[in-house]
Amino acid sequence: MPIKAAFPVILDSMKLWWKDWANQVLVSLVAILLSLTVVLYPMVLFGVYEQALDLTHGIRTGIIGFWHGVKSYWRKSLPWGLLNLLVLTLLSLNIWFYQNTDHPVALVLVILMIGLGFFWLIWQFYTVSCFFLQEEKTLKIAWKNGLAIILSQPGYALVIAIVMLVFLGLSITTFIPLFVGSIPLIAILGLRAVQATIKQDDA
C-alpha cells in the first residue's frame, strides 16, 4: 500500500472513535482502573480491542463488548503480556546499564536498545490487531502477520505507527488523553490499518 493510503485510515479511525466517544471514554476509564493492578493489563487491552473491533463493524458494544473480550481472551492475553513484560524489562535494564557505562560504544548501544524498543512496540501494535482480524486466534500466527505487514508495507506501516506512538506518548506523559479515550482510539487505528491491508489483498 502507498504511504498516502495511511492518512485516510487515520482520519477514518478518528471519525469512528468520535462518533462513539462517550462509550470509548467509559471503556478507557475502566481499562485504566483495572490496569493499575498491572497483572490485568493484558486481558484489559484485549477487551478494549474486542469492543473496538465491534465498532469497526458498525456495532456499539462499549463496556459489554469490553467485558466479553476480557472473558473470551484472558487465557491468550496472559502469555502475550508476560512476553512483553520480559522483553521491555530486558530492554530497559540494557538501556540503564549502557547509560551508566563509560565507553565510546555505550551511546550507540543505548540508541540501538531504544530503537529495538520502538520496533517491538510497533510490532505488538500490529500483532494484536491481526489477532482480532484473523480467523485462527493464535498469537503465533498474529506475530507472523504483524511482522508481515511491517515488512511488506514499510512506509504505510510506519506512518500509522508514528501516529500510534504520538497518541501513546501523549497519554503516558500527560495522562489527559487516557481519560478521554486514547486507548480505544489506538486500538481502532490498529484494526482499521490492518483491515485496509486485507481489503487491498482481496481486491
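On a predicted model such as this, the values are computed, not experimentally measured, just so you know.

(A) Quick peek at a nonpolar patch on the surface. Together, Leu158, Ile162, Val166 and Leu170 make up an exposed nonpolar region whose accessible area comes to about 340 Å². Tracing the chain through its elements places Leu158 in helix α7 (residues 154-174). According to the relative accessible area criterion, Leu158 is partly exposed, its value standing at 46%.

(B) A look at the packing of helix α4 (residues 62-99) against helix α5 (residues 106-133). Put simply, α4 and α5 touch, their axes get as near as 8 Å, and they point 170° apart. Our classification of the angle between α4 and α5 gives roughly antiparallel.

(C) Examining the side chain of Glu50 more closely. Relative to the assigned elements, Glu50 resides in helix α3 (residues 41-56). With no salt bridge to any partner, buried Glu50 finds its closest opposite charge in Lys137, at an N-O distance of 7.4 Å. Not counting the four nearest positions on each side in its chain, Glu50 is found in contact with Gly65, His68, Gly69, Tyr73 and Phe132.

Cut-offs used in this document
- Residues numbered from 1 in each chain as written.
- Predicted model: local features only at pLDDT ≥ 70, side-chain atom pairs only at ≥ 80, totals over all residues.
- Heavy atoms only, no water.
- Patch = residues over 30% accessible without salt bridge, like charges linked within 9 Å, V, L, I, M, F, W, Y side chains within 5 Å.
- Areas by Shrake-Rupley, 256 points an atom, 1.4 Å probe, with all protein chains shown as cover.
- Salt bridge = Lys/Arg side-chain N within 4 Å of Asp/Glu carboxyl O.
- Helix = DSSP H or I, 4+ residues; strand = E, 2+ residues; numbered from the N terminus.
- Buried < 20%, exposed > 50% of the residue type's maximum accessible area, 1.4 Å probe, protein only.
- Axes fitted to C-alpha atoms, helices over the stretch in contact; angles between N-to-C directions.
- Parallel < 35°, antiparallel > 145°, perpendicular 65-115°, else oblique.
- Lys, Arg positive; Asp, Glu negative; His and termini not counted.
- Contact = heavy atoms within 4.5 Å.

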